[in-house]
Amino acid sequence: MSQQIKIKNALISVYYKDGLEPLVRLLSQQGVQLFSTGGTEQFIKDLNLPVTAVEDLTGYPSILGGRVKTLHPTIFGGILNRRNLNEDKAQIAEYNIPEIDLVIVDLYPFEETLKAGGSAEEIIEKIDIGGISLIRAAAKNFNDVVILASKDDYSVLQQQMEEQNGETTLAQRKAYAKKAFHTSSHYDTAIFNYFNLDEPLTVFKQSLKEAKTLRYGENPHQQGVFYGNMDEMFTKLNGKELSYNNLVDVDAAVSLIDEFQEPTFAILKHTNACGVASRPTIAQAWDDALACDPVSAFGGVLIANGEIDLATATEINKLFFEVLIAPSYQPEAVELFKAKKNRVILQRNEVELSKKQFKTLLNGVIEQDKDLIIEGTDQMTAVTEKTPSPEELKDLFFANKIVKHTKSNTIVFAKNNTLIASGVGQTSRVDALKQAIVKANDFNFDLKGSVMASDAFFPFPDCVEIAAEAGITAVLQPGGSIKDADSINMANEKGIAMVTTGIRHFKH
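Our subject in this report is the structure included herewith. (Residues numbered from 1 in each chain as written. Predicted model: local features only at pLDDT ≥ 70, side-chain atom pairs only at ≥ 80, totals over all residues. Heavy atoms only, no water.)

This part takes up the sheet that holds strand β11 (residues 264-269). If you trace the six strands from one edge of the open sheet to the other, you get β10-β15-β14-β13-β11-β12, paired in mixed fashion. Looking at the sheet topology across the chains shown, the edges are occupied by β10 (234-238) and β12 (272-278). Ignoring which end each strand starts from, the neighbouring axes of this sheet average 20 degrees apart. Of the pairings in the sheet, the one linking strand β14 (residues 321-326) to strand β15 (residues 344-348) comprises four bridges and is parallel in character. For Leu 324, the partnering residue across the bridge sits in β15 and is Ile 345. With respect to the sheet, helix α13 (residues 282-292) is in contact with β11, β12 and β13 (300-304), its orientation differing from that of β11 by roughly 30 degrees. (Pairing = 2+ DSSP bridges. Helix = DSSP H or I, 4+ residues; strand = E, 2+ residues; numbered from the N terminus. Axes fitted to C-alpha atoms, helices over the stretch in contact; angles between N-to-C directions. Contact = heavy atoms within 4.5 Å.)

Topologically, Asn 272 is positioned in strand β12. Put simply, Asn 272 and Ser 422 are 150 residues apart on the chain and 9.3 Å apart in space, counted from C-alpha to C-alpha. In terms of polar contacts, Asn 272 uses its side chain to reach the backbone amide nitrogen of Lys 407, at 3.0 Å. (Polar contact = N/O pair within 3.5 Å; in protein donor to acceptor, adjacent residues only side chain to side chain.)

What follows concerns the sheet that holds strand β5 (residues 102-105). Pairing is parallel across the open sheet formed by five strands, whose spatial order is β4-β3-β2-β5-β6. The outermost strands of the open sheet, each flanked by one partner alone, are β4 (52-53) and β6 (146-148). Pairing of strand β2 (residues 9-13) with β5, which is carried by four bridges, proceeds in the parallel orientation. Across the sheet, residue Ser 13 finds its bridge partner in β5, namely Val 105. This element, helix α1 (residues 21-29), spans β2, β3 (33-36), β5 and β6 of the sheet and lies at about 160 degrees to β5. The sheet contacts of helix α2 (residues 38-46) involve β2, β3 and β4, and relative to β3 the element is tilted by about 140 degrees.

With that settled, the discussion passes to the nonpolar core. Counting 52 residues, the largest nonpolar core has Ile 104 and Ile 147 as the members making the most contacts within it. Other than its neighbours up to four places away in sequence, Ile 104 contacts Leu 11, Ile 12, Ser 13, Val 14, Leu 20, Leu 23, Leu 27, Leu 148 and Tyr 154. In this structure, Leu 242, Leu 256, Leu 346 and Leu 396 belong to the second largest nonpolar core, which totals 38 residues. (Core = buried A, V, L, I, M, F, W, Y, C linked by side-chain atoms within 4.5 Å. Buried < 20%, exposed > 50% of the residue type's maximum accessible area, 1.4 Å probe, protein only.)

Attention now goes to the pattern of salt bridges. Tallied over the full model, the rule gives 23 salt bridges. We note a salt bridge from Asp 288 to Arg 279, for which the minimum N-O separation is 2.6 Å. Take Arg 279: its relative accessible area is 19%, and that puts it in the buried class. Linked through salt bridges whose partners overlap, the residues forming this network are Lys 8, Arg 83, Glu 99 and Asp 101. (Salt bridge = Lys/Arg side-chain N within 4 Å of Asp/Glu carboxyl O.)

Structure below.
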């Protein structure tokens, strides 16, 4: 098995030319024969460096509008021949095939074309055939061939060749092969997922190229990695690196705030809202969101759907928090927050988020559609003798948005577009209700005239009875229990309104 291999012949065919020049110049200086095609060939000629067209090597021109250029036995024989096999040596000598020791190739921008909204024809034409074949062939024969499938590796190979007199080691070639197969598998996954949009096959394929190692996972003894492009989602204006738990909370915060169009501020702790308010201004929304539960807000994740000005920042700055997210900030507000270097300030960018979610489970993965439904007043059916007032309907809609994003079993109280209290993650619905009442009382909220939302139906009338006695005047629930009539009758007995939506919002 070969170890040190000196690069004598290189095939270069890339879509993007940036960063290529220094490596090409070094190859030429070290006497490497360069073979190339089309635009890359012209790029090398423009550098006044010698280069041989692939067409001259194969004896065949580029055909079918460029679809077939490198798919030829001379090219693939030069890549795939095994240098330690006499039979292979004899065959390439017989057919006058040069040994190709280095392949530099990238792929047509399929994902970029898809993301840019290209037509079906444009997208199909960006499915690379020759490039992907060259990558797989060179990576398979890593014993003898170097494959560069990413411009990120140009400078790495250049340094190795300078330090090793134009040679590479087996370990280096294998490392490049691993990266190349990562490139090819990611590319094929993107193509498959595009084709799988219509009449999809029930298979699970995901590939994310970017990855960031976290300080640790949910706890210090667990390792954690974030896969994805966080810089596309947020511009970090200040602070330390986000932790695993930060990311989970940030995801919950983004999902919640996206339910609101009017100026809204939300405070979350362990993915559950402990303060939410919608007001004419972000400053007012902050004040009233914090008043909901200032104790839980300590060390929380904060999110707004409007700009943070200096006056609002001055008030926020009085609280210790982990992360603040907003679509924009006044420069003076950012400077104020920077006084504490570890505090994370994120400016959210416009990014289309996936409509699917998945997680590992047992010995596999479960996937589902995200819960993107939210029932407005038009989807609320009054089932009691008393119907909700317009203000109560508005508050029920507000409460339903929050209950959707709170751990089950959950009960949410709201009034005047403000979260009053919630009971979260309880093993029974009545316990969630009692927890919410205790929280409201602890912070001196008067529940009279407030509304209540439940993430699922009431199996018994006890929740309605207790809520009415606490001052709740209108209730929202999905309905669907075989004992719905018991809860409806209790509401009628207590003289409060109840609506059903037909949509359950469990969150586990």
